[in-house]
Amino acid sequence: MRNDVAFGQYYPANSFVHKLDPRVKILLLIAYIVLIFVIRNFLGFAVAIALLALAVAFSGVPVMKVVKSIRAILFIIIITFIINLLLHREEGETPFFEWWIFAVTPSSIRFSLFMALRLISLVMGSSVLTLTTTPVRLTDGIESLLYPLKLIKFPVHELALVMSIALRFIPTLMEETERIISAQKARGADFESGNLFSRIKSLVPILIPLIVSAFRRADELGEAMESRCYTGSKNRTKYKKLTLGYRDAIATLVVAAAFVGVIMLNIYGVNVI
Amino acid sequence: MQAVKVDKVSYKYSEKEKLAVDGVSLEIEAGEFVAVVGRNASGKSTLARMINGLIAPLSGEITVFGNNTLDEKSLFEIRKTCGIVFQNPDNQMVASIVEDDVAFGPENIGVSREEIGKRIDFALQATGTEPFRTEMASKLSGGQKQRVAIAGVLALKPKILILDESTSMLDPIGRAEVMAVVENLRKTENMTVMVITHYMDEVVGCDKVFVMADGKLLKTGTPEQIFNDKELLDEAGLELPVPAKIAEGLKRRGVDVGLPLTKEQLKERLWKLFAKT
């Protein structure tokens, strides 16, 4: 199970994308998310997917590791696709299929495919960020970007640290989940048969010990941090300095070019596909 | 020089519960290697947490190199001086990458980037974890993770190292790895080490052993004094180290080699016995 969850798990390598400044990576990911939501045609998606493919190629991360990140939200993607396929409708359309309030129309097919592609691109793009950035670098990046909020006494460092610890604990909690499942199975629990309702119900004996364990771990981690002199952001120094370099400029230019391309396709190529 | 002085200290976790630590007094000299042993819930870990200033005693007081743990202003200095390694390495690592985790402590005390780098180098070398420097901590074995946890504490350059059942979740190889690191630190850094353990084999090399039961300190003595006191061992629920158990078995079969506490002692005495016969 642990290997199936790519999201949040850093993949150690020394690639072009790994070496990018985390602030740049975060901003480029935000730009990429905006990009996939402003796309209005399939050619635009071709540009977005090409951009993602480029990022994966220059990340040194195995393609399957990025693709596997979709598994975590596959259910949501399918549900979103079905709902949009059956419920989206534009005026004056002739449906291919109609029953009660449900109908499949040319626009619903297009719209549901768009939504599915958006979600897939969103998760894969985010995975590239977490796979190529250590949680500490990510924390430093977020902290640096949110620095202006410190002026209004917003706990920027604490928020960034919480996110970093959450990412750090993903593999640990996955391991714990595996252990709990094995322990419950050994005591006769059945998670594979029955209808959807009984399957959801059968998750309770996994979730309760997992939550209890997470609280216990949080308590122990808090003590360990305190004993290692953690007192918040005050007077703290950083081992790794964030610096911008030529790679960051190249990456920004590539994403900017893709953005311009998508906008052009939106203006001139709405009806291409 | 006195490293730790615990003076008539008591503590309880809640009003309804009985005292977890009950009027304990002890002293640890700088450079000493001491062990705290006893059954579960005998107050060992509570005592360690009080020495580190994580919890304050209800009565009595503790000083660490002269700093009182009841003085809020001294806590930062105490935690810099006295590092504690807990039972589960997974629950004490803040960062995913080994070097980032080791850097956490020095970053907290505000030392320069160059100094952090030097401290990481020192801590990783001292614990033999240099090859894992850029590895994901989650991918390491239990023993390796615990050594990284020790490195994280060592990077603070503490004078005292407390291992709170730090080997209890490890297999024999992992335990041996961790204890080898401790032994090395004692020799090279002259560090004061306090080991809290259920494994009596980890106790035999100590200068002093504190035996606890029901929150009270039953006895302080050398390993020889402790393991020769059968009544105390029964009262505190302690076992003999493996070589001593073997010697006891031999004694029942008519071969008396005394009470060796280490493999080497047992081997030596057996050789002597064979030489005689």
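Residues numbered from 1 in each chain as written. Chains lettered and ligands numbered in written order. Predicted model: local features only at pLDDT ≥ 70, side-chain atom pairs only at ≥ 80, totals over all residues. Heavy atoms only, no water.

1. Brief notes about the overall build of chain B
Threshold: Strands are runs of DSSP state E lasting at least 2 residues, helices are runs of H or I lasting at least 4, and numbering of each runs from the N terminus. What the globule rule says is 2.2 Å times the number of residues to the power 0.38, and the radius of gyration is computed from C-alpha atoms. Type-normalised accessible area, obtained with a 1.4 Å probe on protein chains alone, sets the label of each residue: buried when under 20%, exposed when over 50%, and partly exposed for intermediate values. Contact criterion: two residues are considered in contact whenever any of their non-hydrogen atoms come within 4.5 Å of each other. Working definition of accessibility: Shrake-Rupley area with a 1.4 Å probe, residue cover restricted to the visible protein chains. Only four residue types enter the charge count: Lys and Arg as positive, Asp and Glu as negative, with His and the chain ends excluded. Charge coordinates come from a single atom per side chain, which is NZ of Lys, CZ of Arg, CG of Asp or CD of Glu.
In terms of regular secondary structure, chain B is built from 10 helices and 10 strands. Taken over the C-alpha trace, chain B has a radius of gyration of 20 Å; the compact-globule value for 277 residues is 19 Å, and the two agree within 12%. The dimensions of chain B, computed from C-alpha atoms along their principal axes, are 65 × 45 × 35 Å. Burial analysis of chain B (277 residues in total) assigns 56% to the buried set. For chain B, long-range pairs separated by at least 24 residues make up 62% of all intrachain contacts whose partners lie at least 6 apart in sequence. As displayed, chain B offers around 12100 Å² of accessible surface, 49% of which is attributable to carbon and sulfur atoms. Placing the 36 positive and 41 negative side-chain charges of chain B at their respective mean positions leaves the two points 3 Å apart.

2. Describing the interface of chain B and chain A
Condition: For any pair of parts, buried area is found by adding up, for both, the accessible area (1.4 Å probe) each one loses once the two are put together. Salt-bridge detection follows one rule: a side-chain nitrogen of Lys or Arg within 4 Å of a carboxyl oxygen of Asp or Glu. Contacts described as polar in this section are N or O atom pairs within 3.5 Å, which, within protein, must combine one atom able to donate a hydrogen with one able to accept it, while residues neighboring in sequence count only if both atoms come from side chains. Throughout this entry, Asp, Glu, Lys and Arg are counted as charged residues, while Ala, Val, Leu, Ile, Met, Phe, Trp, Tyr, Cys and Pro are counted as nonpolar. The remaining residues, Gly among them, count as polar.
On the chain A side, the residues contacting the 41 residues of chain B number 33 residues. Carbon and sulfur atoms supply 51% of the area that chain B and chain A bury against each other, a total of about 3300 Å² over both sides. Summed over the shared surface of chain B and chain A, the result is 6 salt bridges. For the pair chain B and chain A, the number of links is 20 residue pairs in polar contact (both at pLDDT 80 or more). Where the side of chain B that touches chain A is concerned, the elements lending two or more residues are helix H2 (75-81), helix H3 (98-108) and helix H4 (113-127) of chain B. Sort the elements by how many residues they give to the side of chain B that touches chain A and H3(B) lands first, with 10 residues. Its residues assigned to classes, the side of chain B that touches chain A shows 18 nonpolar, 12 polar and 11 charged.

3. Some points on the sheet that holds strand E9 (residues 208-213) of chain B
What links the strands of a sheet is backbone hydrogen bonding, and the strands pair in either a parallel or an antiparallel sense. All names here are of chain B. Formally: Here the rule is simple: two strands pair whenever DSSP picks up at least two bridges between them. The convention used is that axes are lines fitted to C-alpha atoms, helices contributing only their stretch in contact, and that angles between N-to-C directions extend from 0 to 180 degrees.
Spatially, 6 strands are ordered E6-E7-E8-E3-E9-E10 in an open sheet, and the strand pairing comes out mixed. Each end of this open sheet is capped by a strand with a single partner; those strands are strand E6 (82-85) and strand E10 (216-221). Neighbouring strand axes in the sheet, compared pairwise and without regard to direction, differ in orientation by 15 degrees on average. The sheet contact formed by strand E7 (residues 160-164) and strand E8 (residues 192-196) spans 5 bridges and is parallel. Bridged to Ile 162 within E8 is Met 194. Its contacts with the sheet put helix H5 (residues 142-154) on E6 and E7, and the angle it makes with E6 is roughly 165 degrees.

4. Concerning the sheet that holds strand E4 (residues 59-64) of chain B
Residues and elements named next belong to chain B. The strand order across the open sheet built from 4 strands is E2-E1-E4-E5, with neighbouring strands paired in antiparallel fashion. Each of the sheet's edge strands pairs with one partner strand only, and the pair in question is strand E2 (21-29) and strand E5 (67-68). When strand E1 (residues 2-11) meets E4, the two strands line up antiparallel, connected through 5 bridges. Residue Val 6 lies in a different strand from E4, and its bridge partner there is Ile 62. Seen against the sheet, helix H1 (residues 44-51) touches E1, E2 and E4 and runs at an angle of roughly 120 degrees to E1.

5. Some details on helix H4 (residues 74-87) of chain A
Residue and element names in this part refer to chain A. What counts, and what does not: The span expected for a helix works out to 1.5 Å for each residue beyond the first. What the arc describes is the spread of directions from the helix axis to the C-beta atoms.
Spanning 14 residues, H4 covers 20 Å between terminal C-alpha atoms, matching the ideal 20 Å at 1.5 Å per step. For H4, every residue scored as buried is listed here: Ile 77, Asn 84 and Leu 85. Mapping the buried residues of H4 onto a view down its axis gives an arc of 100 degrees, with all of them on the same face.

6. Structural notes on a nonpolar patch on the surface
Residue and element names in this part refer to chain A. Applied cut-off: Residues qualify for a patch when their relative accessible area is over 30% and they have no salt bridge, like charges being joined within 9 Å and the nonpolar side chains of Val, Leu, Ile, Met, Phe, Trp and Tyr within 5 Å.
Taken together, the side chains of Phe 75, Ile 76, Ile 79, Ile 83, Leu 87, Phe 96, Phe 97, Trp 99, Trp 100, Ile 101, Ile 109 and Leu 113 make up a nonpolar region of the molecular surface, amounting to roughly 1300 Å² of accessible area. For the nonpolar patch, the secondary structure elements donating two or more residues are H4, strand E1 (97-99) and helix H5 (106-132). Per-element accounting of the nonpolar patch gives the leading share, 5 residues, to H4. Relative to the assigned elements, Phe 96 resides in the loop between H4 and E1.

7. Observations regarding the confidence of the model for chain A
This is how it is decided: Across the chain, each position has a pLDDT score giving the predictor's confidence in that residue, from 0 to 100.
Mean pLDDT over chain A: 88, with 95% of residues reaching 70 or higher. Confidence, expressed as mean pLDDT per element, reaches its minimum in chain A at helix H9 (residues 196-201) of chain A with 81 and its maximum at helix H1 (residues 22-38) of chain A with 95.

8. Some thoughts on the state of the cysteines
Stated precisely, the cut-off is as follows: Criterion for a disulfide: a pair of cysteine sulfur atoms within 2.5 Å.
Taken as a whole, this structure holds 0 disulfides over all chains when the rule is applied. You can see B:Cys82 has no disulfide; the closest cysteine sulfur is in A:Cys229, sitting 10 Å from it. For B:Cys82, a relative accessible area of 0% corresponds to the buried category.

9. A few points about the side chain of B:Thr197
Residues and elements named next belong to chain B. Turning to its location among the elements, Thr 197 is positioned in the loop between E8 and E9. Polar side-chain contacts of Thr 197 include one of 2.9 Å to the backbone nitrogen of Tyr 199. At a separation of 2.8 Å, a polar atom in the side chain of Thr 197 contacts the side chain of Glu 202. If we skip the residues at most four places from it in the chain, Thr 197 touches Val 36, Val 37, Thr 167, Glu 202 and Val 203.

10. Quick word on the confidence of the model for chain B
Looking at chain B, the pLDDT average stands at 93 and 100% of residues meet or exceed 70. Of all the helices and strands in chain B, helix H6 (residues 172-189) of chain B carries the lowest mean pLDDT, 87, while E4(B) carries the highest, 97.

11. With respect to the nonpolar core
Residue and element names in this part refer to chain B. What counts here: Residues enter a nonpolar core if they are buried and are Ala, Val, Leu, Ile, Met, Phe, Trp, Tyr or Cys, with the set joined through side-chain atoms within 4.5 Å.
Core analysis: the largest hydrophobic core is formed by 55 residues, its most contacted members being Val 98, Val 102, Ile 150, Leu 161, Leu 185, Val 211 and Phe 227. Examining the composition of this core, we find that 6 residues originate from one element, H5, more than from any other. In this structure, Phe 227 is in contact with Met 200, Val 203, Val 204, Leu 233, Glu 239, Leu 240, Pro 241, Leu 259 and Leu 261, ignoring residues within four places of it in sequence. Core analysis: the second largest hydrophobic core is formed by 31 residues, Ala 48, Leu 54, Ile 62 and Ile 196 among them.

12. With respect to the packing of H4(B) against H5(B)
All names here are of chain B. Under the convention used in this document: Handedness of a crossing is defined here by the sense of rotation of the near helix relative to the far one, left-handed for an anticlockwise turn of less than a right angle and right-handed for a clockwise turn.
At a minimum axis distance of 8 Å, the contact between H4 and H5 shows a crossing angle of 145 degrees. As for the relative orientation of H4 and H5, their crossing is right-handed in sense. Facing Phe 122, Ala 123, Leu 124, Ala 126 and Thr 127 of H4, the residues of H5 in contact are Arg 147, Ile 150, Ala 151 and Leu 154. In the contact of H4 with H5, the residues fall into 7 nonpolar, 1 polar and 1 charged.

13. Quick look at the packing of helix H6 (residues 135-145) of chain A against helix H7 (residues 156-168) of chain A
Residue and element names in this part refer to chain A. Threshold: Here is the rule for angles: anything less than 35 degrees is roughly parallel, anything more than 145 is roughly antiparallel, 65 through 115 is roughly perpendicular, and the remaining ranges are oblique.
Closest axis-to-axis distance for the H6/H7 pair is 9 Å, and the angle between their directions is 155 degrees. Accordingly, the angle class assigned to the pair H6 and H7 is roughly antiparallel. Handedness of the H6/H7 crossing: right-handed. Along the contact surface, H6 presents Pro 135, Val 136, Leu 138, Thr 139, Ile 142 and Glu 143, while H7 presents Val 156, His 157, Ala 160, Leu 161, Met 163, Ser 164, Leu 167 and Arg 168. The residue inventory of the contact of H6 with H7, partitioned by class, reads 9 nonpolar, 3 polar and 2 charged.

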